[in-house]
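Structural overview
Take a look at the letters that make up each chain.
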Amino acid sequence: DTAVSQTPKYLVTQMGNDKSIKCEQNLGHDTMYWYKQDSKKFLKIMFSYNNKELIINETVPNRFSPKSPDKAHLNLHINSLELGDSAVYFCASSPLMTSGRFNEQFFGPGTRLTVL
Amino acid sequence: AQSVSQHNHHVILSEAASLELGCNYSYGGTVNLFWYVQYPGQHLQLLLKYFSGDPLVKGIKGFEAEFIKSKFSFNLRKPSVQWSDTAEYFCAVSTGTASKLTFGTGTRLQVTL
């Protein structure tokens, strides 16, 4: 009964490679997010999708391309990986309340990406 | 753009001590406030949230937070910490109807026996 799941949990790869991280939520939420947590534990939003449409794109290099095939899935593809991409990537989802505000975000377990 | 400050980067307490973690935000409009906890090696979990109403919010595991609008603060408190509270604590804010969460830099809490 996992709410927000991500695969893989760990990803070790060489510089220059292309890799994807997958995220799925079974909570029925309309909005999904990708966050990056750096080595100092700082969390920063990268992207947000609402009903498969991109609504937030936070100054992320265009090597990162999110894709939302349906509102339950938000995948992250990274081209030409660099050392600085090493981080933990968290997926999250949230419902939209009737007031128009977004409620709390539910986070996945994270994907630890290590670029060698 | 909004920002969130957590001034305590690393806090060490003995079990049964009281806890207060500071959180200040900068935004003049309607805010939605959250505290998340990240236990070692785990994902973020919500401790509590504030949208409106009573500024004293009670969350899970005995945590509470008080929204003081005049001070732009949302400090987290617990009267008596346990060893199992050792974790990273993040304050976060979203504004109005925006979906984006802006996080503080986190406070690492270490509880010793």
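The preceding data block contains the structure.
Figured I'd write up the structure that's included with this text. Position numbers for residues start from 1 in each chain and track the written sequence from start to end. As a convention, the first chain written is A and the first ligand written is 1, with the rest following in written order. Side-chain atom pairs in this predicted model are given and counted only at pLDDT of 80 or more, local residue features only at pLDDT of at least 70, and totals for whole chains, interfaces and linings cover all residues. The side-chain figures draw on all heavy atoms in the structure; neither hydrogens nor water molecules are used.

What about the overall build of chain A?
Let me state the cut-off plainly: Secondary structure elements follow DSSP: runs of H or I of four or more residues count as helices, runs of E of two or more count as strands, with numbering from the N terminus. Taken over C-alpha atoms, the radius of gyration is set against a globule rule of 2.2 Å times the number of residues to the power 0.38. Exposure is judged per residue with a 1.4 Å probe applied to protein chains only, and the accessible area is read against the type maximum: over 50% gives exposed, under 20% gives buried, and values in between give partly exposed. Here the open area of atoms and residues is found with the Shrake-Rupley method and a 1.4 Å probe, where only the protein chains shown may cover a residue.
A tally of helices and strands in chain A yields zero helices and eleven strands. Secondary structure of chain A in N-to-C order comes out as β-β-β-β-β-β-β-β-β-β-β. Here the C-alpha radius of gyration of chain A, 14 Å, is about what a compact globule of 116 residues would show, namely 13 Å. Principal axes of the C-alpha set define a box for chain A whose edges measure 45 × 30 × 30 Å. Relative to its full complement of 116 residues, chain A shows a buried share of 46%. Looking at chain A as shown, the accessible area adds up to about 5,800 Å², and 50% of this sits on carbon and sulfur atoms.

Details of the pattern of salt bridges
When the charged atoms of two side chains lie near each other, side chains of opposite charge can form a pair. Basically, it comes down to this: Within this document, salt bridges are pairs made up of a side-chain nitrogen of Lys or Arg and a carboxyl oxygen of Asp or Glu, the two lying within 4 Å of each other.
Following the criterion strictly, the structure yields ten salt bridges over all chains and no others. For E58 of chain A, the salt bridge is made with K100 of chain B, and the minimal N-O distance between the two is 3.3 Å. You can see E58 of chain A sitting in the loop between strand 6 (53–57) and strand 7 (64–70) and its partner K100 of chain B sitting in the loop between strand 10 (87–95) and strand 11 (102–103), one on each of two chains. When the shortest N-O distance is used, the salt bridge between R63 of chain A and E82 of chain A registers 3.4 Å. Residue R63 of chain A is located in the loop between strand 6 and strand 7, and its partner E82 of chain A is located in the loop between strand 8 (73–78) and strand 9 (87–94); the two are separated by 19 residues in the primary sequence. With a relative accessible area of 13%, R63 of chain A lands in the buried category.

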